[in-house]
Amino acid sequence: MNDKPPHPHRPCPKIHRWLAIPFGLFFALIGLSGALALYGPALDLWLDPRLSIDRPKDPPLPLGHILAAVRAAHPRRPGSWTLELPRTPDGLLTAWYENPEETQGRLYAPLMVSVNPYTAEIVASRFWGGTAATRLSDWHTQLGLGRTGWNWVGGLGVALVLTVISGLWLGLAGLGGTKPGGGLRLGRLALDGHRLFGLAIALPLLAQACTGFGLAFPRVPESLLGTSGMGHDDDGPTVRSTAMPNDRPVGLDEAVLLARGPFPHAEVRRVATPEGETGTYRVSLRQPWEVNRRHPLTTVWVDQYSGQIREVRNPARFGAGETTMTWLWPLHTGEIWGTGGRLLWFLAGLAPALLFASGVLGWLVRRGRVRDMPVEFGPLWADIRRLAARARPLASWLVRHGRQGAAWALSAIKALLRKYA
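Residues numbered from 1 in each chain as written. Predicted model: local features only at pLDDT ≥ 70, side-chain atom pairs only at ≥ 80, totals over all residues. Heavy atoms only, no water.

1. A few points about the overall build of the chain
Next, step 1: For the chain, the count of helices and strands is twelve helices and eight strands.
Next, step 2: Counting the 421 residues in the chain, one finds 40% classified as buried.
Next, step 3: Considering only intrachain contacts with a sequence separation of at least 6, the fraction spanning at least 24 residues in the chain is 63%.
Next, step 4: For the chain, the exposed area adds up to about 24,600 Å²; of that, 62% sits on carbon and sulfur atoms. (Helix = DSSP H or I, 4+ residues; strand = E, 2+ residues; numbered from the N terminus. Buried < 20%, exposed > 50% of the residue type's maximum accessible area, 1.4 Å probe, protein only. Contact = heavy atoms within 4.5 Å. Areas by Shrake-Rupley, 256 points an atom, 1.4 Å probe, with all protein chains shown as cover.)

2. Description of the pairing of strand S4 (residues 122-127)
Next, step 1: As paired strands, strand S3 (residues 111-115) and S4 are joined by five bridges and run antiparallel to one another. Looking at the pairing, Met112 lines up with Arg126 of S4.
Next, step 2: Here S3 folds back onto S4 in antiparallel fashion, the turn holding six residues, of which Ala120 has a positive phi close to 65°. (Pairing = 2+ DSSP bridges.)

3. Comments concerning the confidence of the model for the chain
Next, step 1: Looking at the chain as a whole, the pLDDT averages 85, with 83% of positions reaching at least 70.
Next, step 2: Long-range and interchain partners of residues 1-6, a stretch whose pLDDT sits below 50, account for zero contacts in this model, where long-range means more than four residues apart. (pLDDT = per-residue confidence, 0-100.)

4. Thoughts on the nonpolar core
Next, step 1: Leu63, Trp81, Leu83, Leu252, Val271 and Leu285 are the most contacted members of the largest nonpolar core, which totals 26 residues.
Next, step 2: Sorting the residues of this core by element identifies helix H3 (63-73), strand S2 (93-97), S3, helix H8 (252-259), strand S5 (267-272), strand S6 (280-286) and strand S7 (298-303) as the ones contributing at least two each.
Next, step 3: Listed in part, the 18 residues of the second largest apolar core include Val161, Ile201, Ala202 and Ala348. (Core = buried A, V, L, I, M, F, W, Y, C linked by side-chain atoms within 4.5 Å.)

5. Notes on the sheet that holds S4
Sheet strands associate in pairs through backbone hydrogen bonding, adopting either a parallel or an antiparallel arrangement.
Next, step 1: If you trace the eight strands from one edge of the open sheet to the other, you get S4-S3-S2-S1-S5-S6-S7-S8, paired in antiparallel fashion. Each of the sheet's edge strands pairs with one partner strand only, and the pair in question is S4 and strand S8 (309-313). For this sheet the average axis-to-axis angle between neighbouring strands, irrespective of direction, equals 20°.
Next, step 2: In the sheet, strand S1 (residues 82-84) pairs with S2 via three bridges, with the strands oriented antiparallel. Of the residues in S2, the one forming a bridge with Leu83 is Ala95.
Next, step 3: Contacts from H8 reach S1, S5, S6, S7 and S8, with the element oriented near 50° to S6. (Axes fitted to C-alpha atoms, helices over the stretch in contact; angles between N-to-C directions.)

6. Remarks on the packing of helix H2 (residues 40-47) against helix H4 (residues 132-142)
Describing two packed helices takes the angle between their axes plus the distance from one axis to the other.
Next, step 1: Look at H2 against H4: their axes get within 7 Å of each other, and the N-to-C directions meet at 145°. When H2 is examined against H4, the residues Gly40, Pro41, Leu43, Asp44 and Leu47 are found in contact with a partner set consisting of Ala132, Ala133 and Leu136.
Next, step 2: Broken down by class, the residue content of the contact of H2 with H4 amounts to six nonpolar, one polar and one charged. (Nonpolar A, V, L, I, M, F, W, Y, C, P; charged D, E, K, R; others polar.)

7. Considering the side chain of Ser358
Next, step 1: For Ser358, the location among the structural elements is in helix H11 (residues 338-366).
Next, step 2: Judged by its relative accessible area of 17%, Ser358 is buried.
Next, step 3: At 3.2 Å, the side chain of Ser358 forms a polar contact with the backbone oxygen of Leu355.
Next, step 4: Among all residues touching Ser358, those that are not within four sequence positions of it are Ala190 and His194. (Polar contact = N/O pair within 3.5 Å; in protein donor to acceptor, adjacent residues only side chain to side chain.)

Structure, rendered in structure tokens:
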């Protein structure tokens, strides 16, 4: 006869296991790649020092001059180019060409041309997916599988929400339920660590999962919020030049000057040139109060013939639904809280792998697949101290003579990453 009372949360363990065990590896891969992608630009810079330059005393060249250099380097790529200005004085300007013929058929693989903004020198021309940072981004957003992978990742966001909620319910219900005494064993250590760490990281994981789903399927939150055209990287409304073509079209630098008229204190971040005879200049600006946002929200469309401002998108006038949509990306990356937020989100990205490992270990111990051995921290700590004492001379030698070896190891890692990443 079973004397155990019925568990008041019996469905939750099954839901948690049915989701976490089959999808846990995917959660771990998406989390790890997303955590590393947060520092992707720094990784690219580390692998390719050419991407950082010394800032000269002279100011940057006009954008029109830089665009002419880019077009000269890629004469067989007509149409629109988007110039993204560097975020730091020692950074490179990036010219984006959205649909190169070399990557036709891929979900997203533009050409990225890195340009020295002070000399207009073309430093590098690479396709999206050909660098460590962009490959990590592809793994995070689409598992490297294109549109199918994108949809899978969006669906996994829902599965992660249910997994975290069920785990949170179980973790809170199980607090204080551990029986004292009997010594610490492997299964108990794995499950208690899984529970406590899961409770600590649950809210950041929920935020990442919910915002990730919204970024993958923006029409869902847009329909709920009663808005449209506010998805991440959405170009906004289709705005066309209505003036007749003439002998003196508006130049790039003139268009930027006109676009800054309504926002004289804003910082120019991106400029897209017109696409075809009816296209407009699209100038993206960051207003002073838009802090900690990599992707600007303020946008001005300028007629390429008359210079007339055809459309303005000002986030200060957004409604509640539009404002909520614009928060998805900075909340997903943690950039809304600056450096500290990005670090916290990096740790949250590592959490699915740690939770999967500890949860599977505890589950295997419970099912008898792994022996539930005792864990003694006292003797273990004493052993660690003895090993540390023995290793102290070696550590001193490494400190004195290990710089050359460390430099060699870093060079080897860089070479491997350049070859395979």
